[in-house]
Amino acid sequence: MARVVVDVMPKPEILDPQGQVVARALPRLGFSGVTEVRQGKHFELEVDDSVDDETLAKIAEGLLANPVIEQWTVRRVEA
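Everything quoted here is computed from the prediction, not taken from an experiment. Counting from 1, residues in each chain are numbered in the order their sequence is written. Note on the predicted model: pLDDT of at least 70 is required for a residue's local features to be given, and 80 or more for side-chain atom pairs to be given and counted; whole-chain, interface and lining totals, by contrast, use all residues. For the side-chain quantities, the full set of heavy atoms in the structure was used; hydrogens and water were omitted.

## Things to note about the pairing of strand β1 (residues 2-10)
At step 1: At least two DSSP bridges between two strands are needed for those strands to be called paired. Helical segments are the DSSP runs of H or I of at least four residues, strand segments are the runs of E of at least two, and each set is numbered from the N terminus. With seven bridges connecting them, β1 and strand β2 (residues 41-47) associate as antiparallel partners. Each bridged residue has a counterpart across the sheet, and for Val-8 the counterpart in β2 is Lys-41.
At step 2: When β1 meets strand β3 (residues 70-77), the two strands line up antiparallel, connected through eight bridges. Following the sheet pairing, Asp-7 is matched in β3 by Thr-73.

## Considerations on the nonpolar core
At step 1: Note on terminology: a nonpolar core comprises buried Ala, Val, Leu, Ile, Met, Phe, Trp, Tyr and Cys residues joined through side-chain atoms within 4.5 Å. Partly exposed residues are those whose accessible area sits between 20% and 50% of the maximum for their type, while under 20% is buried and over 50% is exposed, using a 1.4 Å probe and protein chains only. Counting eleven residues, the largest nonpolar core is built from Ala-2, Val-4, Val-6, Val-8, Leu-45, Val-47, Val-51, Leu-56, Ala-60, Leu-64 and Ala-65.
At step 2: Only β1, β2 and α2 (53-64) provide two or more residues apiece to this core.
At step 3: Looking at this core element by element, the count peaks at four residues for β1.
At step 4: Note on contacts: a residue pair qualifies if any of its non-hydrogen atoms lie within 4.5 Å across the two residues. Aside from chain neighbours lying at most four places away, what touches Val-4 is Phe-43, Glu-44, Leu-45, Val-47, Leu-56, Val-74, Arg-75 and Arg-76.

## Describing the sheet that holds β2
At step 1: Within the open sheet, the three strands sit side by side as β2-β1-β3. Their pairing is antiparallel. Every other strand in the sheet has two partners, leaving β2 and β3 as the edge strands with one partner each. On average, each strand axis in the sheet is tilted by 20 degrees relative to the strand beside it, whichever way the strands run.
At step 2: Packing of α2 onto the sheet brings it into contact with β1, β2 and β3, and relative to β3 it is tilted by some 145 degrees. A fitted line through C-alpha atoms serves as each axis, taken over the contacting stretch for helices, and the angle formed by two N-to-C directions is quoted from 0 to 180°.

And the structure:
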């Protein structure tokens, strides 16, 4: 078994209203120095060793991310 992490983020040219709300709230909560926040999604998958990188990329692109507005990274991590 392998653990795979897929991180999905809005593309840089896409507005991120959720990230903007967090960025505006931080100074009100006493946190300074944060200039931008982007909010995304984090997925952890447990997969058989037989699942190859091409299949993982298809899962990310076809199900976990919207390729029109999001970019993603897929990486295997030690369990």
